[in-house]
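# Observations on the three-dimensional arrangement
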Amino acid sequence: MSQSQIDILQRTLKREKAARKAAEKILEDKSRELYLVSQELHVSNEKLQDLLNEKSSQLKGVFNNILDAYLVMNLKGHVLEMNDAAKDLFGYDIDHERLNVVNLIYMDDEEYAFNSFFELSEKGFFSNYTARVVTKTKEVKWVQINASIIYDTDNNPIAAQGIIRDITEDKEDEDLLKQSTNRLSSLILNLDSGVLLEDENSTIVLTNTKFCELFKIPVLPDLLIGQDCSDSAENCKHLFQDPEYFIARIDELLKNKKQVLAEEVLMADGTILERDFIPILKGNEYNGHLWAYKDISLKRKYRESLETQKNKYSNIIANMNLGLVESNKDGEILLVNQSLCEMSGYSADELVGKRINKLLPYIGGQKIIDQQKEKRLKGESNSYEIKLKNKNRKVKNWLISGAPNYNLKGEVVGSIGICLDITDIKKLEKQKEKILKELEKSNNELHEYAHIVSHDLKSPLRSINALTSWIKSDNEGKLDEMTLQNFDLIETTLEKMEQLISDILLYSSAGSLTNEKEEVDLNIVLDDLKKILYKPNHISIEVLNKLPVLNGEKIKFQQVFQNLMSNAIKFSNKEKGIVEIDVKENKSFYQFSVKDNGIGIEKKFHDKIFKIFHSLQESKESTGIGLSIVKKIVDLYKGEIWIESELNKGTTFYFTIKKSINENSTT
Amino acid sequence: MKKSLNVLLIEDNTIEIMKMNRTISLLKLDHKITEAKTADEALKILEKKDSLPDIIFLDLNMPKISGIEFLSILKKDEDLHHIPTMILTTSNNKKDVLDCYKIGISGYILKPLKYEDYVAKIESALNYWSINELKIS
């Protein structure tokens, strides 16, 4: 070992000794410190123990006196301890009986209960466990439980404790609240007004279908809840007639935060909305606001059209030529129009409030008026004529149309009368009656006159005939051939004259229908005529179809056929003369025809032949009146007459007789 | 045996009276014709109750009292209403015919245009009454 090595070792040893000494010294110091600390610790430990004891007993007292139920159970659910509140709540008393919490669990909540218990053992606590329990008396109660696990000093779980709050009543209240909230929500959802509730941050709290509909938002209202709506006004401003004003007004409302109700907003499509802005305040704190929009277009339109109608009828009433008077049940005048004032001579002021019959006294028939009024008050409308004196004491005839007047409840409150002054009409009516009587009289007179005239005209003819006859017989053998021929001419002329007078008489009486109307079977008329009419043997008369039965004067129908048939016979120039009578039934008239195969009539005379005294042939039987009589009678029965004819081939006369006139003519 | 009749002709027209008279003489009949030109005249004649006519021919169309009026007076008179009265007229007015029959007539003869026809009608009418039994005055 070298000296240097030894030196190193010796120096090391020396340093070690010194170090040990120093260490010993530190150890000594630390030991002393430790002792002191341990002394202190002991003291504080004792203090702590005291404190713990104190706290424990304090806590125990709290638990015992706590208002909510409190219980402690072991990990198998056996209840170890419960306070009085718990005893009251569950109905069990563990001083007398055993209780396991499992027995308390309400069947439907079982799963939730076991899950929660599991959670408790995992996490060491649970809070706000809310479920139903069944008490000893089988009562179901809602409880809320906060629970925690109790550990021993080695941190092993040994028990669990819980505070149970009876929330049955709360729960019931909550249910009620929920129900009414639901009701309210569905009410709002389906409200006829569009509703939007915003909170103070412009977040939508509530809205409804109508709101989405009005603002053309294509989503369900539920989806809007929670959305920010601060720029929704901007987005929908195009829906409004004056978009800028709409925005400005919304801003103003939001700024003012003052309730504004029933403000009208016009939409671009013509819809009229009524807007309510209702700020929601909780105390003085601003909590949001409610918008409500209601479509009042229809209401407005109704009101406007109602107004228009009212104006229209008011105008009509005011300006119509009929007098209008509204009276109450006692007959006091409530309202009159201008025409009634003019009719009565009184002003509206003079009339209103007065009884009608005081100002306008009826002449006779008060009884009738009372009866009519009675009827009206029973709800009947009526119409009658009265005579009264107006303000100028002039007797007037009024036609009254009265109707009961009802109030909104449908009760009769009076009458409304429309009055027409028929004084002049009455006068005219009387005049008309008088004129008609005179006309009838003069018609009869004319008829008589025609007979007298014809008699007066015929008498001289007879005289002349007698005189010529006497001259002839008195001068028998003395007269030359020429004179005798002239006498014959006188006789022929007389006969022509006689025929003319008879025809004029017929024509004058053909012009009017007498009252002698009967059912006329034309078949019989024709049979008779065939017997009466002179008919050469070479002429045959045929009725092609069965003729109808007409209503009217037999003599007139007979005249028509007689004239036409005798013409047909008269103007026959064929070896075998044929006269055919036919009828065609139309909807409203019968069309008759009388056809011959005679000489025919030139076209240019077709219109002229019906004119009086227009005979185409100069013959003693033909006066030119026959066809005029026919036309006159056909006119009388509202028919028409025309002919078809070809020279030398024949003529057909057509005429119609109207059915309806014919039917009406029976009355 | 034909009776000779006492005929009262009430007719305002002279020629008509001549016609009747000439007819009687033409037919050589033995009837007595009394003429009255107006109804008044006729009533005066009828006042003589001891010589009342057997039959009357009456014209309707007369001035003052018309034929129908006269007929009414006649038929209301107790002493006269039995006398058969025939109308002799040119009027075939239906109304006149009806009225006359209602009041009471024994015939209604229309004066024909031709004298020969007149003679024939009057002859048969007179023949008819001359074979009838009449009230003897």
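Attention in this report is confined to the structure presented alongside it.

Procedures and definitions
- Residues numbered from 1 in each chain as written.
- Chains lettered and ligands numbered in written order.
- Predicted model: local features only at pLDDT ≥ 70, side-chain atom pairs only at ≥ 80, totals over all residues.
- Helix = DSSP H or I, 4+ residues; strand = E, 2+ residues; numbered from the N terminus.
- Buried ≥ 20, exposed ≤ 12 C-beta atoms within 10 Å, placed from the backbone.
- Contact = placed C-beta atoms within 7 Å.
- Pairing = 2+ DSSP bridges.
- Axes fitted to C-alpha atoms, helices over the stretch in contact; angles between N-to-C directions.
- Parallel < 35°, antiparallel > 145°, perpendicular 65-115°, else oblique.
- Nonpolar A, V, L, I, M, F, W, Y, C, P; charged D, E, K, R; others polar.

## Examining the overall build of chain B
When you go through chain B residue by residue, the secondary structure sums to five helices and five strands. Sequence-ordered secondary structure for chain B, helices as α and strands as β, is β-α-β-α-β-α-β-α-β-α. Scored against the burial criterion, the 137 residues of chain B give a buried share of 33%. Within chain B, residue pairs in contact and separated by at least 24 positions form 66% of the contacts whose partners lie at least 6 positions apart.

## Here's the deal with the sheet that holds strand S5 (residues 157–166) of chain A
Residues and elements named next belong to chain A. Sheet architecture is open: five strands sit in the order S2-S1-S5-S4-S3, paired in antiparallel fashion. The sheet is open, and its two edges are formed by strand S2 (79–82) and strand S3 (125–134), each paired on a single side. In this sheet, neighbouring strand axes are inclined to one another by 30 degrees on average, regardless of whether the strands run parallel or antiparallel. Here strand S1 (residues 69–74) runs beside S5; their pairing, made up of six bridges, is antiparallel. If you follow Leu71 over to S5, its bridge partner there is Gly162. Those strands touched by helix H3 (residues 110–123) are S3, strand S4 (140–151) and S5, and its axis lies near 155 degrees from that of S3.

## Some details on unusual backbone geometry
Leaving glycine out, the prevailing phi sign among residues is negative, and the prevailing peptide bond configuration is trans. All names here are of chain A. Although it is not a glycine, Ala262 adopts a positive phi angle of roughly 50 degrees. For Ala262, the position within the fold is in strand S8 (residues 260–266). The exposure class assigned to Ala262 is exposed, which follows from the 10 C-beta atoms found within 10 Å. Even without being glycine, Asn648 reaches a positive phi, approximately 70 degrees. Mapping Asn648 onto the fold places it in the loop between strand S21 (641–646) and strand S22 (650–658).

## Notes on the pairing of strand S12 (residues 333–336) of chain A
Residues and elements named next belong to chain A. In terms of strand pairing, strand S11 (residues 323–328) meets S12 through three bridges, oriented antiparallel. Across the sheet, residue Ser327 finds its bridge partner in S12, namely Ile333. A loop of four residues connects S11 with S12, the two strands running antiparallel in sequence, and Gly331 in this loop sits at a positive phi of about 85 degrees.

## Describing the environment of Trp398 of chain A
All names here are of chain A. Mapping Trp398 onto the fold places it in strand S14 (residues 395–406). Once the C-alpha coordinates of Trp398 and Lys426 are considered, the two residues, 28 residues apart in sequence, prove to be 9.6 Å apart. If we skip the residues at most four places from it in the chain, Trp398 touches Ile386, Leu388, Cys419, Leu420, Asp421 and Ile422.

## Observations regarding the packing of helix H14 (residues 423–474) of chain A against helix H15 (residues 481–510) of chain A
Residue and element names in this part refer to chain A. Put simply, H14 and H15 touch, their axes get as near as 10 Å, and they point 170 degrees apart. Our classification of the angle between H14 and H15 gives roughly antiparallel. Contacts between H14 and H15 pair His447, Ala450, His451, Ser454, Leu457, Lys458, Leu461, Ile464, Asn465, Thr468 and Lys472 from the former with Phe487, Ile490, Glu491, Leu494, Met497, Glu498, Ile501, Ile504, Leu505, Ser508 and Ser509 from the latter. A per-class count over the contact of H14 with H15 returns 11 nonpolar, seven polar and four charged.

## Considering the pairing of S8 of chain A
All names here are of chain A. Pairing analysis gives five bridges linking S8 to strand S9 (residues 272–282), with the strands arranged antiparallel. Following the sheet pairing, Glu264 is matched in S9 by Glu274. A loop of five residues connects S8 with S9, the two strands running antiparallel in sequence, and Gly270 in this loop sits at a positive phi of about 95 degrees.

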